[in-house]
Amino acid sequence: AFNGTPSYLQVPPRTDLNVGAGDGFTIEGWLRRDSDGYVHGIASWRDGSAEGMGLWMNNWGGTLQFRLIDVNGTARTISGGSCPLGVWTHVAVTYDRASGLARVYIGGFLQAEQQVGNVTARTLGTFELGRNPAVMLSEPQYGIPWFHGGLDEFAIYNRALSLGEIWALNAA
């Protein structure tokens with residue numbers, strides 16, 4: 001469990017985690033948020049002082065936010081649905097380069113979909129689970145960057161999973 005203090009998982013840069021350069025990707029797993037307030041990091045990349053793509057929880061209501069940042073630094077934020085306080089919830093975000101669609105899922109259901117076009121997401125660099133580097137690097141006004149709650153079975157795929165695949169992971 002993450003207790004909202006400086007505790008997080010950090011993975012050094014690896015080519016197999018640079019999913020932004022491919023045809024699409026998915027980040028999915030289970031979370032339990034244990035507090036309200038602040039913007040807490042779930043999963044993200046950073047390359048030195050450059051913020052990479054990320055997934056975080058806006059704990060003012062538990063809104064799931066997917067920040068897709070391209071290699072030029074242009075950010076697109078897709079927000080949708082909310083995760084209840086104290087309940088294990090399956091979350092997933094996908095991006096499919098062919099369609100240009102980014103999607104946010106909670107509990108196996110599509111919560112938000114946005115046309116973002118043909119994007120090469122910034123996923124080169126350090127991968128972090130449980131911390132939001134945007135708060136650390138460029139947006140300290142949003143408060144505490146560390147996740148407060150539980151994160152379990154997070155996975156990164158080098159393709160956009162289908163709705164059926166996401167539903168099956170939610171039901172498992």
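All residue numbers refer to position in the chain's written sequence, counted from 1. Per-residue local features are limited, in this predicted model, to residues with pLDDT of at least 70; the limit for side-chain atom pairs, both in listing and counting, is 80 or more; totals at the level of whole chains, interfaces and linings are taken over all residues. Computation of side-chain values covers all heavy atoms of the structure but excludes hydrogens and water.

S.K.: Is there a simple way to explain the nonpolar core in this structure?
M.R.: Within soluble globular proteins, side chains that are nonpolar generally end up buried alongside one another. By nonpolar core is meant a set of buried Ala, Val, Leu, Ile, Met, Phe, Trp, Tyr and Cys residues that side-chain atoms within 4.5 Å join together. Between buried and exposed lies partly exposed: a residue is buried under 20% and exposed over 50% of the maximum accessible area for its type, with that area taken using a 1.4 Å probe on protein chains only. Counting 30 residues, the largest nonpolar core has Phe25, Ile42, Met53, Phe66 and Leu68 as the members making the most contacts within it. Listed by contribution, the elements that provide at least two residues to this core are β3 (24-33), β4 (39-47), β5 (50-58), β6 (63-69), β8 (89-96), β9 (101-106) and β11 (126-129). Dropping the residues within four chain positions of it, Phe66 is found in contact with Phe25, Met53, Gly54, Leu55, Arg76, Thr77, Ile78, Val93, Thr94, Ala102, Arg103 and Val104. Starting at the N terminus, helices and strands are each numbered in turn, a helix being any DSSP run of H or I of at least four residues and a strand any DSSP run of E of at least two. Residue contacts are counted whenever heavy atoms from the two residues lie within 4.5 Å of one another.

S.K.: Can you walk me through the packing of aromatic side chains in this structure?
M.R.: Each aromatic ring pair is described using two quantities: the centre-to-centre distance and the angle formed by the ring planes. Stacked, tilted and edge-to-face pairs are distinguished by plane angle, under 30 degrees for stacked and over 60 for edge-to-face with tilted covering the rest, among Phe, Tyr and Trp rings (Trp via its six-membered ring) whose centres lie within 6.5 Å. Per the stated rule, a full pass over the model turns up 4 aromatic pairs. On the numbers, 5.7 Å between centres and 40 degrees between planes, the contact of Phe25 with Tyr95 is tilted. Of the two residues, Phe25 is situated in strand β3 and Tyr95 in strand β8; the sequence distance between them amounts to 70 residues. Taken together, the ring pairs connect Phe25, Phe66 and Tyr95 into an aromatic cluster.

S.K.: So what exactly am I meant to see when it comes to the side chain of Gln65 here?
M.R.: With respect to the helices and strands, Gln65 occurs in strand β6. Its relative accessible area of 14% is what places Gln65 among the buried residues. Whenever a nitrogen or oxygen atom comes within 3.5 Å of another N or O atom, the pair is scored as a polar contact, on the condition that within protein one atom can donate a hydrogen and the other can accept it, and that pairs from neighbouring residues in sequence are kept only if both atoms are in side chains. Among the polar contacts made by the side chain of Gln65, one reaches the side chain of Ser79 at a distance of 3.4 Å.

S.K.: Looking at this structure, I do not really get the pattern of salt bridges. What am I missing?
M.R.: Pairs may arise between side chains of opposite charge once their charged atoms sit close together. One speaks of a salt bridge when a side-chain nitrogen belonging to Lys or Arg is within 4 Å of a carboxyl oxygen belonging to Asp or Glu. One pass over the full model with this rule turns up 6 salt bridges. Between Asp16 and Arg14 there is a salt bridge, with its nearest N and O atoms 2.5 Å apart. What makes Asp16 partly exposed here is its relative accessible area of 47%. For Asp34, the salt bridge goes to Arg32, with nearest N and O atoms at 2.8 Å.

S.K.: Mind showing me how you'd approach the pairing of strand β7 (residues 75-82) here?
M.R.: When a strand is regular, its side chains alternate between the sheet's two faces. When β6 meets β7, the two strands line up antiparallel, connected through 7 bridges. From the neighbouring strand, Phe66 faces β7, where its bridge partner is Ile78. Strand pairing is assigned whenever DSSP identifies at least 2 bridges connecting the two strands. The turn linking β6 back onto β7 is made up of 5 residues, and Gly73 within it adopts a positive phi angle of 95 degrees.

S.K.: I'm lost on the environment of Asn158 in this one. Help?
M.R.: By the secondary structure assignment, Asn158 is in the loop between β12 (148-157) and α2 (163-171). For Asn158 and Thr26, which are 132 residues apart along the polypeptide, the C-alpha to C-alpha distance reads 6.7 Å. Those residues in contact with Asn158, other than ones at most four positions away along the chain, are Val19, Gly24 and Phe25.

In short, shape yes, function no, at least from these values alone.
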